[in-house]
Amino acid sequence: MSEFLEIRPLTKCAFAPFGEVIEADPASMRLINGGTTERFHALAAAEATGEDARVIINLFRGQPRAFPYEITMMERHPFGSQSFSPVSGRSFLVIVSEDENGRPGMPQVFLARGDQGVNYRRNGWHHPLMALGQASDFLVVDRDGPGNNLEEFFFETPYIIKEPAP
Ligand SMILES: NC(=O)N[C@@H](O)C(=O)O
Ligand code: NI
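Summary of the structure given here. Counting restarts for each chain: residues are numbered from 1 in the order of the written sequence. Each chain gets a letter, beginning with A, and each ligand a number, beginning with 1, in the order they are written. Reporting in this predicted model follows two pLDDT cut-offs: at least 70 for local features of residues, and 80 or more for side-chain atom pairs to be given and counted; totals over whole chains, interfaces and linings ignore these cut-offs and use all residues. Side-chain descriptors were evaluated using all non-hydrogen atoms of the structure, hydrogens and water having been removed beforehand.

With that out of the way, let us pick up the coordination of the nickel ion (ligand 2). Around the nickel ion (ligand 2), the donor atoms from the protein are Glu75 (OE), His77 (NE2), Gln82 (OE1) and His126 (NE2), and they sit 2.1 to 2.2 Å away. Taken together, the 6 donor atoms coordinating the nickel ion (ligand 2) span angles of 77 to 178° at the metal, a pattern that classifies the geometry as octahedral. Every donor residue of the nickel ion (ligand 2) comes from the same chain, spaced as E-x1-H-x4-Q-x43-H. Of this pair, Glu75 sits in strand S7 (residues 69-76) while His126 sits in strand S14 (residues 125-126), and the two are 51 residues apart along the sequence. Metal donors were taken as nitrogen, oxygen and sulfur atoms no farther than 2.8 Å from the ion, or 3.2 Å where the ion is Na, K or Ca. Water is excluded, so coordination may look unfinished. The geometry test gives tetrahedral to four donors whose angles all lie between 85 and 135 degrees, gives square planar to four donors and octahedral to six donors whose opposite members are over 155 degrees apart with all other angles between 65 and 115, and gives irregular to the rest. Here a helix means four or more residues in a row that DSSP labels H or I, a strand means two or more in a row labelled E, and each is numbered from the N terminus.

Residue Pro68 follows Phe67 across a cis peptide bond; omega there is -5°. Considering the arrangement of structural elements, one finds Pro68 in the loop between strand S6 (54-62) and S7. In this model, Asn101 sits at a positive phi of 55°, which is unusual for a non-glycine residue. If you trace the backbone, Asn101 turns up in the loop between strand S10 (99-100) and strand S11 (103-104).

Another aspect to go through is the pairing of strand S5 (residues 37-40). Relative to S5, strand S4 (residues 29-32) is paired through 4 bridges, and the arrangement is antiparallel. Residue pairing for S5: Met29 is matched across the bridge by Phe40. Hairpin geometry of S4 and S5 is characterised by an intervening segment of 4 residues between the two adjacent antiparallel strands and by a positive phi of about 55° at Asn33. Two strands pair under a simple rule: DSSP has to find at least two bridges between them.

The structure is reproduced here in structure tokens:
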């Protein structure tokens, strides 16, 4: 029997076990450029490990997911972090799990606002990009280089998410 998962608002505190929230946090703000620019400094750090690894910047155009949605799998990237920052200004879903002896635990679902991004720390279980409503672009910073940087796990029984409230 599939289990329905609740959707919680994305906050720095709730997401802390999984990585960082990329948002205009006043605590990180420095005025630069003669006071004309607010720099929200070092919100997250990209990680790329392994010989000849490099951090790359990508654009992902995600198609919207249909609901109710079955979470059948999770993935992780053993050699690097991966961040998603919306450039279309739309909300999206962030789905992560704690690691339980090499497999993902029960997924936790967060609704990110259109002005929030996330940085999944290296080797953290997450679901592939979950755009909402219409095709949405995301700036993605992650790792390129030799080796297989993708590990997938498929659940015996999928979890289900209902349509997020607008
Ligand atoms: N495969 C890929 O580049 N994207 C996934 O890692 C994802 O998290 O969306
Ligand atoms: Ni990924």
